[in-house]
Amino acid sequence: MSNVTPAFAEEAVIGGLLLDNMRFHDVAPLVSVDHFTSPQRARVFGLIRDRVLAGEPADSVTIGEASPDDFDFAVHLASNVPGSSAVVAYAEIVRENWRRREAVQVGLELVSAARAGETDAVDVAAGRLLALNATVTACEYTGKQALQQAWREVDRNFANGGRLPGIPTGLTALDEILGGWHDSDLTIIGGRPAMGKTAFLGGLIEAAADAGKRPGVISAEQPAVQLALRRLSLVSSVAASRLRNGQLEDEDWTRLQSGMASAVARDMWIYDRSAVTLDELVGIARKWKHAHDIGILFIDYAQRISVPRADRITEVSQVARGMKNLARDLQIPVIALAQVVKTVDQRIGDKRPNAGDLANSDELTREADQILMLYRDEVYNRESPDRGMAEVLIEKNRHGPTGFKKVRFLDETMRFCDVGGDKW
C-alpha cells in the first residue's frame, strides 16, 4: 500500500467503520481525531467514535442526522471504500502519515526556537521525536493471558534464587519490605525540611548506579556541582563540611581519590535546571532512555515541576500523572521527592508525617505505587533518644506491607545506612 495517498487512507478507515462499527475497537489504539488531515474527515471519525462508544449504530443515516452537512460525504465513503477487512492496515497508514507530519512540525519548531536562542529546544524536540517513535503495544489481554504472564513472572523470580527482584535501594531494611524499586512504579518520598530528603535520594541514586542501572537525575532543587559534592562525600566518607571549606588532610585526599575513581566509573546523567516544565522532564527522560538506556529516574522534587498556564492544584495533578505515565511508558522506576505541608511542625506530640501531609496531595497519593516519609526525631527534640537515627515510614505500598524501618543517619557525610552498618 505504499502508493496510497493520505486522503484515501483516511477515507478508507472512515468508510470501513461505517460498514462495520465493531472494527472501531481495532482502530482506536492506532488512530484519533487529531490524526486526520481535513476537518471534515476528523469530524466524521469523531461522530463514529462517539456513537460506537455510546452503544449506538454509526452509519451514513445516523451520521447525517447528527451532522446534516456530512450526510453526502458519509454516503460517498460507505459506497466507495474497499470494505472493512483492511481497515486496520489503512489505520496504520493514517498513523504513520501523522507521525511524519508531526516530525516535520517538530523540525520547523526546532529551527525557530534555535534562532530565538532557546537553550532547551534540542532536548524538548528530542523528547517529542522519541514519543512519536513509540510503538503501539498490546494493552488488552484475556484473563488466561494475564495469568500466563504472572506465572512467567513467578518462574523468573524463583529462577533468580531469591535475590532482590527490583533495583536495590542500598538499605537492607528497606529492600526487605519493598523488594527494591520496580519497573513502571512511581515512588514518592516526602519529608519536612532538614529531614535529609536530598541526602536520602543521593544514597538511592548511588545504590542504583552501583547496581549498574544507569540513573537519570532531574534536579530542580540543586545544581549538578552540589549534587556531585554530596556524592563525593558519600562515596569517600569525607565530611561534606571539609569538602566545602577545603580543610583536608592527607588521608582525606586518599579517600577522595578512591571515591572519585569508583564514582566516575558509574554511568549517570543529571539535568539541573531550576524551572523544569513537565514537557521538558518527559522529553529529557525519553532522550536518556533512547540514547543511554537509563534504568531508573530520580526527581528532586515533584512540586518544583511546572505546567505553564495551570493553577497549582491542576499543575501538581498533571505532574503526578505525567510521572506515572513516564514510568509506565519507559518501563523504569521513577522516584520523586515531595514537599510536606508545614502544619506538621505545629502538631502537638507526634510530628511524623503521613501521606495526607503531602503538599497538594490528592493526585500524588492516587498515582503513587509507594509513598515513603522520612522522619528524624532529633530535628524537633535535641535530647531525643534516637539521635543519629531516622525512620522511613512506608505509608503506601501496592506490592506489600506498610509500616516503618529505622536506619542510621551519618550527618557528616549526609549518608543513610542500615542500623549497625556504616555504608550503603
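Up top is the structure.
Source: prediction; values computed, not measured.

Draft legend 1. Main features of the overall build of the protein. Counting its secondary structure elements, the protein contains 16 helices and nine strands. Out of the 424 residues in the protein, the part that is buried amounts to 46%. For the protein, the share of sequence-separated contacts (at least 6 apart) that also reach a separation of at least 24 residues comes to 67%. Looking at the protein as shown, the accessible area adds up to about 21,500 Å², and 50% of this sits on carbon and sulfur atoms.

Draft legend 2. Here's a closer look at the packing of aromatic side chains. Under the defined criterion, the tally for this structure stands at six aromatic pairs. Ring centres of Phe24 and Phe45 lie 6.1 Å apart, and the angle between their planes is 40°; this geometry places the pair in the tilted category. One end of the pair, Phe24, is in helix H2 (residues 24-27); the other, Phe45, is in helix H3 (residues 39-53), and 21 residues separate them in sequence. With relative accessibility at 2%, the residue Phe45 sits in the buried group. The interplanar angle of 35° and the centroid separation of 4.9 Å between the aromatic rings of Phe36 and Phe45 together place this pair among those described as tilted. Three or more aromatic residues joined by ring pairs make a cluster, and in this case those are Phe24, Phe36 and Phe45. For the cation-ring pair, Lys351 lies above Tyr380, with the distance from its terminal atom to the ring centre recorded as 5.7 Å.

Draft legend 3. Fine view of a nonpolar patch on the surface. Together, Val61, Phe71 and Val75 make up an exposed nonpolar region whose accessible area comes to about 220 Å². By secondary structure assignment, the location of Val75 is in helix H5 (residues 71-80).

Draft legend 4. Seen up close, the side chain of Thr62. On the secondary structure map, Thr62 appears in helix H4 (residues 60-66). Judged by relative accessible area, Thr62 falls into the buried class, the value being 9%. Of the polar contacts made by the side chain of Thr62, one reaches the backbone oxygen of Pro57; its length is 3.2 Å.

What counts as what
- Residues numbered from 1 in each chain as written.
- Predicted model: local features only at pLDDT ≥ 70, side-chain atom pairs only at ≥ 80, totals over all residues.
- Heavy atoms only, no water.
- Helix = DSSP H or I, 4+ residues; strand = E, 2+ residues; numbered from the N terminus.
- Buried < 20%, exposed > 50% of the residue type's maximum accessible area, 1.4 Å probe, protein only.
- Contact = heavy atoms within 4.5 Å.
- Areas by Shrake-Rupley, 256 points an atom, 1.4 Å probe, with all protein chains shown as cover.
- Phe/Tyr/Trp six-rings, centres within 6.5 Å; stacked < 30°, edge-to-face > 60°.
- Lys NZ or Arg CZ within 6 Å of the ring centre and 35° of its normal.
- Patch = residues over 30% accessible without salt bridge, like charges linked within 9 Å, V, L, I, M, F, W, Y side chains within 5 Å.
- Salt bridge = Lys/Arg side-chain N within 4 Å of Asp/Glu carboxyl O.
- Polar contact = N/O pair within 3.5 Å; in protein donor to acceptor, adjacent residues only side chain to side chain.

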